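# A closer look at the structure
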Amino acid sequence: MKPLLFNLDSDISLANALKDKLGADAGELDTRYFPDGESYLRVLSECNNRSVIIFCNLHQPNNKTLNLLFLASTVKALGAKRIGLATPYLPYMRQDKQFKPGECVSSRPFAKLLSSHFDWLVTLDPHLHRYHSLSEIYSLDSTVVHAAPMIAKWIKKHVKRPLLIGPDSESEQWVSDVAARANAPFQVLTKVRKGDYHVEVSLPQVEQWHQHTPVLVDDIISSGKTMLNTVQHLAAAKLATPVCIGVHGLFSNEAYDELARNATVVTCNCIPHASNKIDISEALADAIHAQL
């Protein structure tokens, strides 16, 4: 029996690409809101003894998580054999320690919540800086798809003589991986964060790289201040107009507009945005297929 794929409030084009690559049936839902703001959800597809995939991009988790849990609970009650979550962006991973007394380490209760409703999880490059793997906090089966091969392929095709630049020491492992795959040199900066919107970075050693195109790579572009600060340093050093690549383009406030005025901005299509140039559908579908 074909797997059943529900698209819950997420990118239609990516959901359709996954459905086609997996040979899945499209799940049908009836959703709406009552006048008081509460959700109504009804599953219209036959779920009994079927593998169910819920595609829900959680880049705005507070607006989506409740309906996600409602849907998972309902398909389980309808007899689904195995229920999985495919989310290109996995939220609540950056608060991975208690920085100040009394803070909620939100990655842990969120992981416990999802683990209690799903059998498996597939996501793309979650923010694993202090956790070595998702299995440290998630009790379900988890698969992490890595964007490095797809990013490297795009760089090799579109950038002549690239110099890869990582924003901080935590990025070195995966920036060096992208650089090796793209056959390019790389540097890693030192970053000091002084607030959500105030970041200082070290000036890379640029003297020998004037014939190269700087390619800044990071897993998440949120405020964009780290990249913008680096771009300004590179401009002052008279390097070529850089390319800024983010796996997950969150782009809070005016982040994208500020970056785009000074650089070419490229992201993976895990969060729908005008900057999407790197397709993740095939790699994501392969990982989902392995869970079915």
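Scroll up to find the structure.
Residues numbered from 1 in each chain as written. Predicted model: local features only at pLDDT ≥ 70, side-chain atom pairs only at ≥ 80, totals over all residues. Heavy atoms only, no water.

Moving on, we get to the overall build of the protein chain. Counting secondary structure elements, the protein chain contains eight helices and 16 strands. Taking 2.2 N^0.38 as the reference for a compact globule, 292 residues should give roughly 19 Å; the C-alpha atoms of the protein chain span a radius of gyration of 20 Å, in line with that estimate. Taken along the three principal axes of its C-alpha coordinates, the protein chain extends 65 × 45 × 35 Å. Buried positions account for 50% of the 292 residues belonging to the protein chain. (Helix = DSSP H or I, 4+ residues; strand = E, 2+ residues; numbered from the N terminus. Rg over C-alpha atoms; globule rule 2.2 N^0.38 Å. Buried < 20%, exposed > 50% of the residue type's maximum accessible area, 1.4 Å probe, protein only.)

Our next topic: unusual backbone geometry. Of note, Y92 is a non-glycine position whose phi angle comes to about 55 degrees, a positive value. Along the chain, the position of Y92 falls in the loop between β6 (82–87) and α3 (107–115). A relative accessible area of 32% means that Y92 is categorised as partly exposed. Backbone geometry at K238 places phi at a positive 65 degrees, although glycine is not the residue there. Mapped onto the elements, K238 comes out in the loop between α6 (225–236) and β14 (243–249).

Another point: the pattern of salt bridges. Evaluated as defined, the whole model comprises seven salt bridges. For K19, the salt bridge is made with D20, and the minimal N-O distance between the two is 3.1 Å. A relative accessible area of 54% means that D20 is categorised as exposed. Here R181 makes a salt bridge to D177, at a shortest N to O gap of 3.0 Å. Here R181 pairs with D177, and both are found in helix α5 (residues 172–182), just four residues apart, close to one helical turn. (Salt bridge = Lys/Arg side-chain N within 4 Å of Asp/Glu carboxyl O.)

Empty space within the second largest pocket amounts to approximately 560 Å³. The wall of the second largest pocket is formed by 17 residues, among which D125, L128, H146, Q173 and W174 lie closest to the centre. With three residues, α5 is the largest single contributor of residues to the lining of the second largest pocket. (1 Å grid on protein atoms, 1.4 Å probe; cavity = no way out; pocket = protein on both sides within 12 Å on 5 of 7 lines; lining within 4 Å. Points joined across faces, edges and corners; volume = space filled by probe spheres on them.)

Moving on, we come to the environment of T241. Note on placement: T241 falls in the loop between α6 and β14. On the basis of relative accessibility, which here comes to 54%, the residue T241 falls in the exposed class. It is 48 Å that separates the C-alpha atoms of T241 and S51, two residues lying 190 residues apart in sequence. Residues contacting T241, with those up to four places away along its chain left out, are T213, N262 and A263. (Contact = heavy atoms within 4.5 Å.)

A few words on empty space enclosed by the protein. The full count for this structure, using the stated rule, is one cavity of 30 Å³ or more. Roughly 50 Å³ of volume is contained in the largest cavity. If you trace the largest cavity, you find it lined by I165, G166, P167, L189, L216, V217, D218, T226, M227 and T230. Every element with two or more residues in the lining of the largest cavity is listed here: β9 (162–166), β13 (213–221) and α6. Looking at side-chain class alone, the lining of the largest cavity contains six nonpolar, three polar and one charged residues. (Nonpolar A, V, L, I, M, F, W, Y, C, P; charged D, E, K, R; others polar.)

The strand order across the open sheet built from six strands is β2-β1-β5-β6-β7-β8, with neighbouring strands paired in parallel fashion. Unpaired on one side and paired on the other, β2 (25–26) and β8 (141–145) mark the two borders of the sheet. The pairing of strand β1 (residues 4–7) with strand β5 (residues 51–55) spans four bridges and is classified as parallel. Directly across from L5, in β5, lies its bridge partner I53. (Pairing = 2+ DSSP bridges.)

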